[in-house]
Amino acid sequence: MICEGTHFDGKIPHTFVVFGASGDLAKKKIYPTLWWLYRDDLLPKPTKICGYARSKMSIEKLRSNCDAYMKVQPGEQAKYDEFWSLNSYVAGAYDGRTGYELLNQQLEQMENHCKANRIFYLALPPSVYDLVTLNIKNICMSRNGWNRVIVEKPFGRDDVTSKALSDHLASLFDEEQLYRIDHYLGKEMVQNLMTIRFGNKILSSTWNRENIASVQITFKEPFGTQGRGGYFDEFGIIRDVMQNHLIQILSLVAMEKPVSCHPDDIRDEKVKVLKSIPALELSDMVLGQYVGNPDGTTEDARTGYLEDPTVTSTSTTPTFAMAVMKINNERWQGVPFILRCGKALNERKAEVRIQYQDVPGDIFEGNTKRNELVIRVQPGEALYFKMMTKSPGITFDIEETELDLTYEHRYKDSYLPDAYERLILDVFCGSQMHFVRSDELREAWRIFTPILHKIEQEHTKPLPYVYGSRGPKEADRKCEEANFRYYGSYKWHGSKSSTSNL
Ligand SMILES: NC(=O)C1=CN([C@@H]2O[C@H](COP(=O)(O)OP(=O)(O)OC[C@H]3O[C@@H](n4cnc5c(N)ncnc54)[C@H](OP(=O)(O)O)[C@@H]3O)[C@@H](O)[C@H]2O)C=CC1
Ligand SMILES: O=C1O[C@H](COP(=O)(O)O)[C@@H](O)[C@H](O)[C@H]1O
């Protein structure tokens, strides 16, 4: 959805409230995003920002916390000062009414006691969501403008806790006021999935079980918990990445064509495809946990997950997971969807691989390799299609090559905004297209809750893999069983920069 100035409500002031303003997410993502939007004149005018957290802090202190992440360029200093002049901060508790009453007074004062629209961003631990949202509703809502609430994951730990959160939010707000962020939905290539699929006849007509052998959706990170695994240990990689980011990508890859680009038409189709996926079983999965690499060049690389002092030494929390999902509908019956994600692996990468079936009746002495469409989300956005060609020259040999759309070459001068920039702007515009609806969430938890409970109750031991490797070998075997072929023969001759890992 293109965000046009006309989407904003005339000259009505907007107030953006950051709950958890003293925290990590606020300083690393939310304030920088607001600054970049302000710098690029994308925020409606006037917009003011108010932070709220327990710590007593001046604006100068808040600013100095954020400075390192704001990427202020030479020549932008005056505008940067102007940005901070729009900010204020209120210190208060998350329980009790007093802090919220002070906050509301501050907001009214910032809005000159006039009509204003308010956005509330919960950059907070989930343990205080209930209290904070209740107090927003009772004390801090704009009485004559609109109100929108942005919620960060985790949206619960399983189906029951997620439903409790959804029910609580639904008792306070309309679904149209709720913006559940999955920041992967703000990434360029994830947003491009619908265009790739539904804007290209050649792809839309082959996007089915008659042509596609398997689909692989991968997320890899090259670092471990870096001594801060305490939070991760409570959740594990399935909740951290697979149940949200990867399942969102899967639903965009697999859903039927929506009736229109209206957010609810799209989200209806996402829900429908999720409903066709049976709950996962242990036999569908490979779980892993990294161990230190004695030859690692950094402390993090030499430290295994269980050696992280913030992690229980007997933890069975997976840091790697692979799941083979089935979609039982007419388009996809029998096509495995392989989801893989892990920490402390060999590279940073997020991508989708659509692997086509073998060419039937091969006349090239078994040298034909499968076509593969790769949609690289990061690093270095790209879309490439691996195909066979005759080797050039006096020969009739065949070889693998690619049709290559590398963004840094084709769209040299384009600015690709950060995921949060797009998503926060969407909230101002009132577009929920790239936000998670409560029924999507319910279906995602239905698929993952039984397996998560089983793993936790039975303390299923994950397979060890070495920090910096590609993960447990069993995962490759499972991919092969799930009809994904790796030949190891493909050579990429493009520039190094587009494939760099970091
Ligand atoms: N536009 C561009 O910038 C383009 C860049 N390239 C680059 O060229 C390189 C090669 O291309 P790619 O498509 O990856 O082709 P390959 O067919 O060589 O590799 C596919 C993927 O298979 C996985 N793999 C590696 N070893 C094994 C194994 N032993 N068993 C099973 N799977 C294995 C790897 O991913 P994993 O470890 O995740 O399993 C690898 O990325 C990449 O770096 C790619 O980014 C290629 C084309 C265009
Ligand atoms: O949500 C999460 O995502 C990040 C990875 O995000 P990216 O945009 O850098 O790919 C991951 O590190 C984190 O564990 C997870 O909670």
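Residues numbered from 1 in each chain as written. Chains lettered and ligands numbered in written order. Predicted model: local features only at pLDDT ≥ 70, side-chain atom pairs only at ≥ 80, totals over all residues. Heavy atoms only, no water.

Student: Would you mind showing me how to read the pattern of salt bridges here?
Tutor: Pairing between side chains of opposite charge can happen when their charged atoms approach one another. Inspection of the entire model under this criterion finds 40 salt bridges. We note a salt bridge from Asp41 to Lys45, for which the minimum N-O separation is 3.4 Å. Using a relative accessible area of 54% as the deciding quantity, one classes Lys45 as exposed. A salt bridge links Arg446 to Glu443; its shortest N-O distance comes to 2.7 Å. Of this pair, Arg446 and Glu443 both sit in helix α15 (residues 438-458), three residues apart, roughly one helical turn. (Salt bridge = Lys/Arg side-chain N within 4 Å of Asp/Glu carboxyl O. Buried < 20%, exposed > 50% of the residue type's maximum accessible area, 1.4 Å probe, protein only. Helix = DSSP H or I, 4+ residues; strand = E, 2+ residues; numbered from the N terminus.)

Student: I would appreciate a short explanation of the UniProt feature "domain: Glucose-6-phosphate dehydrogenase NAD-binding" (unreviewed entry) in the protein chain in the present structure.
Tutor: Summarizing the sequence annotation, UniProt attributes the feature "domain: Glucose-6-phosphate dehydrogenase NAD-binding" (unreviewed entry) to residues 17-192 in the numbering used throughout. Helix makes up 43% of residues 17-192 and strand 16%, and the two end C-alpha atoms of the span are 30 Å apart. (UniProt positions renumbered as here; feature names shortened; annotations may be inferred.)

Student: I'm lost on the site of ligand 1 in this one. Help?
Tutor: Taken together, 17 residues sit near ligand 1, with Lys220, Arg376, Asp404, Thr406 and Arg470 positioned nearest. Between Lys220 and ligand 1, the recorded distance is 2.6 Å, taken from a side-chain N or O atom to an oxygen atom. Measuring from a nitrogen atom of ligand 1, one finds a side-chain N or O atom of Asp404 at 2.6 Å. Looking at the shell around ligand 1, the elements that each hand over two or more residues are β11 (349-356), β13 (382-390) and β14 (398-406). Looking at the shell around ligand 1, the element that brings in the most residues is β13, giving three residues. (Near = heavy atom within 4 Å. Polar contact = N/O pair within 3.5 Å; in protein donor to acceptor, adjacent residues only side chain to side chain.)

Student: It is not clear to me how the site of ligand 2 should be interpreted in this structure. Could you clarify?
Tutor: Contacts to ligand 2 come from Lys153, His183, Tyr184, Lys187, Phe219, Glu221, Asp240, His245, Lys343 and Gln378. Within the contact set of ligand 2, an oxygen atom lies 2.4 Å away from a side-chain nitrogen or oxygen of Glu221. With the chains in place, 73% of the 390 Å² that ligand 2 exposes on its own is no longer accessible. (Areas by Shrake-Rupley, 256 points an atom, 1.4 Å probe, with all protein chains shown as cover.)

Student: Mind showing me how you'd approach the domain arrangement of the protein chain here?
Tutor: Domain parsing of the protein chain yields domain 1 (14-152) and domain 2 (185-426 + 437-482). The interface of domain 1 with domain 2 comprises 13 residues on the first partner and six residues on the second. The contact between domain 1 and domain 2 buries some 890 Å² in all, and 71% of this surface belongs to carbon and sulfur atoms. When the area that domain 1 buries against domain 2 is broken down by residue, the three leading residues are Lys29, Thr33 and Leu37, summing to 41%. Our enumeration of links across domain 1 and domain 2 arrives at one salt bridge. (Domains from an automatic or database assignment. Contact = heavy atoms within 4.5 Å. Buried area = accessible area lost by both parts, 1.4 Å probe.)

Student: So what exactly am I meant to see when it comes to helix α16 (residues 473-481) here?
Tutor: Three or four residues apart is the spacing at which side chains of an α-helix point the same way, because the helix has 3.6 residues per turn. All of the buried residues along α16 are Ala475, Lys478 and Cys479. Down the axis of α16, the buried set is contained in an arc of 105°. They therefore lie on one face. Looking at α16, the residues exposed on the side facing more than 90 degrees away from the buried face are Lys473 and Glu481. Contact partners of the buried residues in α16: β7 (212-220), β8 (285-291), β9 (320-325) and β10 (337-342). At the C-terminal side of α16, Asn483 shows a positive phi close to 65°. (Arc of directions from axis to C-beta.)

Student: What exactly am I supposed to notice about the UniProt feature "domain: Glucose-6-phosphate dehydrogenase C-terminal" (unreviewed entry) in the protein chain here?
Tutor: Per the UniProt annotation, the sites labelled "domain: Glucose-6-phosphate dehydrogenase C-terminal" (unreviewed entry) are residues 194-486. Note that residues 194-486 is 33% helix and 22% strand, and that its end C-alpha atoms are spaced 27 Å apart.

Student: Can you help me understand the sheet that holds β8 in this one?
Tutor: Think of a sheet as strands paired side by side through backbone hydrogen bonds, with each pair either parallel or antiparallel. Sheet architecture is open: nine strands sit in the order β14-β13-β12-β11-β7-β10-β9-β8-β15, paired in mixed fashion. The two strands at the open ends of the sheet, each matched to only one other strand, are β14 and β15 (463-466). Sheet twist, expressed as the average angle between the axes of neighbouring strands with direction ignored, equals 20°. Bridge count between β11 and strand β12 (residues 372-378): six bridges; the pairing is antiparallel. Among the inter-strand pairings, Ile354 is bridged to a residue of β12, identified as Leu373. Strand contacts of helix α10 (residues 230-254): β7, β8, β9, β10 and β11, with the helix running at about 145° to β10, the strand carrying the most contacts. (Pairing = 2+ DSSP bridges. Axes fitted to C-alpha atoms, helices over the stretch in contact; angles between N-to-C directions.)

Student: Teacher, can you tell me more about a negative patch on the surface here?
Tutor: Together, Asp362, Glu365, Asp397 and Glu399 give the surface a local cluster of negative charge. With respect to the element layout, Asp397 can be found in the loop between β13 and β14. (Patch = residues over 30% accessible without salt bridge, like charges linked within 9 Å, V, L, I, M, F, W, Y side chains within 5 Å. Lys, Arg positive; Asp, Glu negative; His and termini not counted. Charge placed at Lys NZ, Arg CZ, Asp CG, Glu CD.)

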